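# Examining the three-dimensional arrangement
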Amino acid sequence: MLVLLCICTGFLAAFYFRWFPTQFINFLYITSTLEKATHVKTNPYNEICQVFRDGRKIHFKFRFLKYELQEDKFKPLEFEPKNANQLNTKEVQIRQLDYGQALMKIPMIGFLEFTLEELSTPFYTLQYLCVVIWLVQGFFYFAIVMMSCSLISTFIKFYLLRQSLKRLQSLAAIHQQVIVIRDDQLIKIDVNELVPGDIINLQTMIVPADCIITGMALLNEATLTGESNPVPKQTGQILFEGTKILEVNAGSSAQIIRTNYSTIRGQYFRNVLYPHKVTHKFYTQAMKFLGGFVIFNIIIAGATLVIYLDYTTELILANIFSTLTWIFPPAMPIFFSLTATIALLRLKNENIIGSNMDKIHISGQVDVACFDKTGTLTTNELTVIGLWDKQDCNICISCCHHICQSEGQLVGDILDLEMFRYSQSKIIFDKNDIQITSKDQKIYKIIKIFDFNSELMMMSVIVECENKYYLCSKGAPEKLQSKLNSHNEEMLLQLSFYVNQGYRVISLAQKEINQKDLNLDRMQLEINLNFLGYLIFENQLKHDTADVMKQLIESNLKVKILSGDNPLTTVNTAYNIGIANEVVKLFDIRNSEIVEIDIKRIEDKQQIIQQKSYLIDVKDLQNYIYTLNHQFALTGDFMEYCNLHKLDVPSLYQRTIVFARVKPHQKKEVIFMHQQLKCCVAMIGDGSNDCSAISQADIGVSFSQADASYTAHFSSLDQSIKCIVTILAQGRATAQTLSEIFPLYILLSFLATCAYTCLALEGQNYSDFQLLFLSFLCYIPIMASMTLTKALPNLSKELPLDDMYQLNNQLSFYTHVFIFTGGLLVSVAIIMNAENHHFDQPDPPIKDYLRRGMLNTATVIIAQIYSQFLPFIFIISKPFKEECYKNYAYMTYSILSFSITILFVFCKPTQQFLDLVDFNSEIDHFDIFLLLIMAGTIILDIIIQNILQIRFPRKRYL
């Protein structure tokens, strides 16, 4: 039925359903109960998936994941590791059917599939209509060349997409074999044959799937976190697919729990393959503007219908449809693709890889930039600058870490390594035993390690020394305080002093425990600790952070920091990079009370000038915050409090410059709230904790070459944050170029429509070669070369004014329309009223056009002249792009094209080449008159545009 409908409607139904998928779903499917359903619709994606039934099990597959009906809801199929027993052959076969192959398979789109999808968009569909009309009117060469250009543009986009997919394939591939235990035997299989529940022997290799380790191993998780610090893992912890095992204890094994796109790494790849669909504001506004301009054209066309009374019905219809081909610029998709492609190539030359062509234009509209702190604004290196101790901290700084040894070198977290070096202790690894000799020659043996927990924000170890057992802990001071058996004012004052200087402070604590307590849970052990002191680290800014921030701030971009670090330390960083000024109000939650801290930098030192705690009604708090005229800093706990009590979060977040102690999902929330306020947000970060925020942002930027960076739209191969300036500058230049080319092309098309209407007065039209010459040797090359102008390296306070519905743009555009249309009509009127004018209109009813004549010649030359000089009027170089005279391709082609035009005007032998007649055959010195009219309209337009620019500035400030 659907096929028959498409054939009967000339495939118009296929195009309609392609553009409106919801209507396609409503046409093809009806709502049904689950028992009878053959398909399901996924919300909010509006994609149809086939339902499969296997006995009582009901499932469907959506974007590489299998969803199974569980408790009246479809949920992703997940493996629950209940025990670590080996699998037999039958169980393996069942799980292969359930979970599929172990490795991700990146689909490679075929050229035919891509071409059908690309060429069925509204713009290209319009182009097909134009091609049919051109063929009917005899413009064979023109139609063929236009379609050829579209196909070439499509092939270029297909090539770039294929290259991107091949790159993803190479990243996703894991080529190795593993030893697995099945049917009481050790067998070697390809990693693609693994299934959840398999037990594999661990060795130095790439982890083939997410799995739970039994034993101990040392891993490099750079592909996940972006940091190359080796991470130790022990029994019960998860090894993530794609990470590299550096060392492993003998006999260690792991149980596979997730494979394919279910793994953490697989989720990153799904985000790349299925990015968030974004409706470009420019494209939406452009289509609305074009719609309004079409109405304007229809009114004019209706007023000139009398011209066609002497034509045959067939020719009248051809003329009406032909007018549409001039109104709608059929080559516009070529310029959309070309501007984005050139911008991405320019970024690639700056070692910045763009994975989404549509995002380059959006980057030109960014007005809020959110930065992660550690590893992004600052380096990943830490330096111990001192120890403030109330008791002997030696045991804690010597033992409270998870340092391992690889190839004779100590490896582990940077903080742990730096702390251990500061302790001046020595460490010996003997199989599974770790023995530490402190600088005072005491010998400690590590009994158990409780690794760092991001929720608790601390880690602990159990140590034996001289038949006594100690629990040593270190972590974030505000979190560790709740674990201490006592507090005093001095420790709080010292903490405030150090964090206000921008130092990273780690709190140290310990207590003696009994041997019978060794097997207790960490939550039972990590209480009633004795405070030892603070270890103070310095984390310096990257060498170019201050300069880049200065550029961003001077461009009036709103810069914010999203960090998991201490709020006072993060505020100090805000002062250091220049986004904080005067007083910053910090809001936190402690012991169910709101803590309000006023922070100010005095003589280059950050000081707390006021601190208070209080309980307050939610409405009173919201009203109080509205009355404040300060910059805010919020903690993750305060953000949760705001959400719980439904405060006006978006407006609060807009005035906040620092979000500290925030979790990954809270970073994403900050991005989303700013987007709710119609902000265009960029997120810049490294590591897996930034992935959700990067994915949510309008523009995501990563500095890592890790898999996690492929959730970002742009990935810098360098670690310098200068890349954000480069991306924004290139985006603004691209947006400005599009906002120049679009109205220019519309104007040239309108002038062509007017010229076409004037030619119809005498039954004339362009010849096939004239149309080919004007489009592909005048209009398109000139506008294509405009895209080659380079972006200026620095950012200004302005954003491109690319909203075509802005009054400024409307006034400017319609001024162009009336002036240049006037120039065309004056030239036509002079010819038609000349005494010696030969009116060669065919006898009615007119069945075909004349392809030569004085009127034809004049409109061709006018089109040439305007196509060469109008771009100079439309181009706005500064503050986004270099001056147009530095665009050598554009200048060379403009000069060459103008020289050819002058040759056609004054050199009679060349006129035959373009089917032109002698200019002066009917009007003496008409060639001079024509050039003077064109020059006069151009000069008049420049004068009026300058006046409009003064009265209605075409500027948009941040």
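Relevant structure appears above.
These remarks concern the structure in this document. The structure presented is a predicted model; accordingly, all values stated were derived computationally and were not measured. (Residues numbered from 1 in each chain as written. Predicted model: local features only at pLDDT ≥ 70, side-chain atom pairs only at ≥ 80, totals over all residues. Heavy atoms only, no water.)

### As for the overall build of the protein chain
On a plain count of helices and strands, the protein chain comes out with 32 helices and 38 strands. Taking all 958 residues of the protein chain together, the buried fraction comes to 53%. For the protein chain, the computed accessible surface area is about 43,900 Å², with 56% contributed by carbon and sulfur atoms. (Helix = DSSP H or I, 4+ residues; strand = E, 2+ residues; numbered from the N terminus. Buried < 20%, exposed > 50% of the residue type's maximum accessible area, 1.4 Å probe, protein only. Areas by Shrake-Rupley, 256 points an atom, 1.4 Å probe, with all protein chains shown as cover.)

### Quick look at the packing of aromatic side chains
Applying the stated criterion across every chain yields a total of 20 aromatic pairs. With a centroid separation of 5.6 Å and an interplanar angle of 45 degrees, the aromatic rings of F114 and F158 are classed as tilted. In this pair, F114 sits in helix α5 (residues 111–118) while F158 sits in helix α7 (residues 140–172), placing the two residues 44 residues apart along the sequence. By relative accessible area, F158 is classed as buried at 9%. (Phe/Tyr/Trp six-rings, centres within 6.5 Å; stacked < 30°, edge-to-face > 60°.)

### Quick notes on the environment of L87
Inspection of the secondary structure puts L87 in the loop between β6 (73–76) and α4 (89–99). A relative accessible area of 4% means that L87 is categorised as buried. Expressed as a C-alpha distance, the spacing of L87 and P196, which sit 109 residues apart in the sequence, is 9.7 Å. Not counting residues within four places of it along the chain, the set of residues in contact with L87 comprises V92, R95, I181, R182, D183, V195, P196, G197 and D198. (Contact = heavy atoms within 4.5 Å.)

### A closer look at helix α6 (residues 122–136)
Taking 1.5 Å of rise per residue, 15 residues should cover 21 Å, and α6 covers 22 Å from first to last C-alpha, within 8% of that figure. Of all the residues in α6, the buried ones are F123, Y124, T125, L126, Q127, C130, V131, I133 and W134. Residue G138 follows α6 closely and has a positive phi angle near 95 degrees. (Expected span 1.5 Å × (residues − 1).)

### Focus: the sheet that holds strand β3 (residues 52–54)
Here we have 4 strands laid out as an open sheet, ordered β3-β4-β5-β6, and antiparallel in their pairing. At either end of the open sheet lies a strand with only one pairing partner, and these are β3 and β6. Direction aside, neighbouring strands of the sheet carry axes that sit 35 degrees apart on average. In the sheet, strand β4 (residues 57–62) pairs with strand β5 (residues 65–70) via 4 bridges, with the strands oriented antiparallel. Bridge pairing in β5 places F60 opposite Y67. (Pairing = 2+ DSSP bridges. Axes fitted to C-alpha atoms, helices over the stretch in contact; angles between N-to-C directions.)

### Regarding a nonpolar patch on the surface
Residues F111, I152, F155, I156 and Y159 make up a contiguous nonpolar surface patch of about 500 Å² in total accessible area. Ranked by residues supplied to the nonpolar patch, first place goes to α7 with 4 residues. Along the chain, I156 turns up in helix α7. Judged by relative accessible area, which is 39%, I156 ranks as partly exposed. (Patch = residues over 30% accessible without salt bridge, like charges linked within 9 Å, V, L, I, M, F, W, Y side chains within 5 Å. Salt bridge = Lys/Arg side-chain N within 4 Å of Asp/Glu carboxyl O.)

### Structural notes on the pairing of strand β31 (residues 605–614)
Here strand β30 (residues 593–602) runs beside β31; their pairing, made up of 9 bridges, is antiparallel. Following the sheet pairing, V595 is matched in β31 by S613. Here β30 folds back onto β31 in antiparallel fashion, the turn holding 2 residues, of which E603 has a positive phi close to 55 degrees.

### Regarding the state of the cysteines
Taken as a whole and judged by the stated rule, the model has 0 disulfides. Between C396, a free cysteine, and C400, which holds the nearest cysteine sulfur, the sulfur-to-sulfur gap is 4.6 Å. (Disulfide = S-S within 2.5 Å.)

So, to be careful, I would describe these as geometric facts and stop short of saying anything about function.
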